[in-house]
Amino acid sequence: MRKSNILIIEDDDDIREGIRILLENEGYYIKEACEGQQGLDILDEKTDLVILDIMMPGMNGLRTCEEIRKISIVPILFLTAKSQESDKLIGLIAGGDDYLTKPFSYSELLGRVKALLRRYQVYKGKVEESEEIEEKFIELSGVKINEGFNEVHMNGEEKELSNIEYNILLLMMRNPGRVFSAQHIYEKIWNEPYFYNCSNTVMVHIRNLRVKIEKDPKKPEIIKTVWGKGYKFELHGR
């Protein structure tokens, strides 16, 4: 099995070296960059995960993430300082998949890395297998989703969803009308224990999903909020 390729974009030499040593000892192939543009220059189709610091000189992590999302759906793990609470949510809005707050333990970092890589490898495996198996779609409320891999159309127009957005949408479309709490969504999609602040993470990904499939994201008609309970996929016609 091919070793996973991880790109670390971090301007702090000590943090970058520590992450590199840890992940190399776990058998991963590591590439390093000390600022955003350098990271973009060495990002390629073999990259399986990007670990990205938010606060960097020059092109910061948020801008770098936006540029990465123009060319790749590779999972992005943000590193944030404890004082940058708002940046965590902004990072997810920009297209990040998860974040870690500095200082973090190596066991926590390794856990997040393995979880993101596992989901990405499953997704890529399904894409490779899709040509050999019969494709199955769910089509509801103008949304058509491929059950095998990340392919989504809204009223015939293809939509680019992140892997997490796709999995949230697929979960809800397989159970139309069912109300899913933020805890249920988080534990099902992230495959991790839920903590109180995880609801913000779910909320941001729901927001991003609405931007892509709703006519008016501020007045959603498909991904509905059930106040005090969670979210559901609303059926409209077929």
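Residues numbered from 1 in each chain as written. Predicted model: local features only at pLDDT ≥ 70, side-chain atom pairs only at ≥ 80, totals over all residues. Heavy atoms only, no water.

1. Brief notes about the packing of aromatic side chains
No. 1: For the coordinates displayed, the defined rule picks out two aromatic pairs.
No. 2: When the centroid spacing of 4.8 Å and the interplanar angle of 10° are considered together, the rings of Tyr186 and Trp190 count as stacked.
No. 3: When the ring of Tyr186 is compared with that of Tyr194, the centres are 6.2 Å apart and the planes differ by 70°; the resulting orientation is edge-to-face.
No. 4: Take Tyr186: its relative accessible area is 4%, and that puts it in the buried class.
No. 5: Its relative accessible area of 23% is what places Tyr194 among the partly exposed residues.
No. 6: An aromatic cluster is present here, built from Tyr186, Trp190 and Tyr194 joined pairwise through their rings.
No. 7: Between Lys144 and the ring centre of Phe137, over which it is positioned, the NZ or CZ distance is 4.6 Å. (Phe/Tyr/Trp six-rings, centres within 6.5 Å; stacked < 30°, edge-to-face > 60°. Buried < 20%, exposed > 50% of the residue type's maximum accessible area, 1.4 Å probe, protein only. Lys NZ or Arg CZ within 6 Å of the ring centre and 35° of its normal.)

2. Concerning helix α1 (residues 13–25)
No. 1: The terminal C-alpha atoms of α1, which comprises 13 residues, lie 18 Å apart, in line with the 18 Å expected from a rise of 1.5 Å per residue.
No. 2: Every buried residue belonging to α1 is among Arg16, Gly18, Ile19, Leu22 and Leu23, and all of these are buried. Buried residues of α1 fall within an arc of 165° about the axis and therefore sit on the same side. Structural note: α1 exposes Asp14 and Asn25 on the side pointing more than 90 degrees away from its buried face.
No. 3: With a side-chain oxygen lying 3.0 Å from the backbone nitrogen of Asp14, the N-terminal cap of α1 falls on Asp12. (Helix = DSSP H or I, 4+ residues; strand = E, 2+ residues; numbered from the N terminus. Expected span 1.5 Å × (residues − 1). Arc of directions from axis to C-beta. Polar contact = N/O pair within 3.5 Å; in protein donor to acceptor, adjacent residues only side chain to side chain.)

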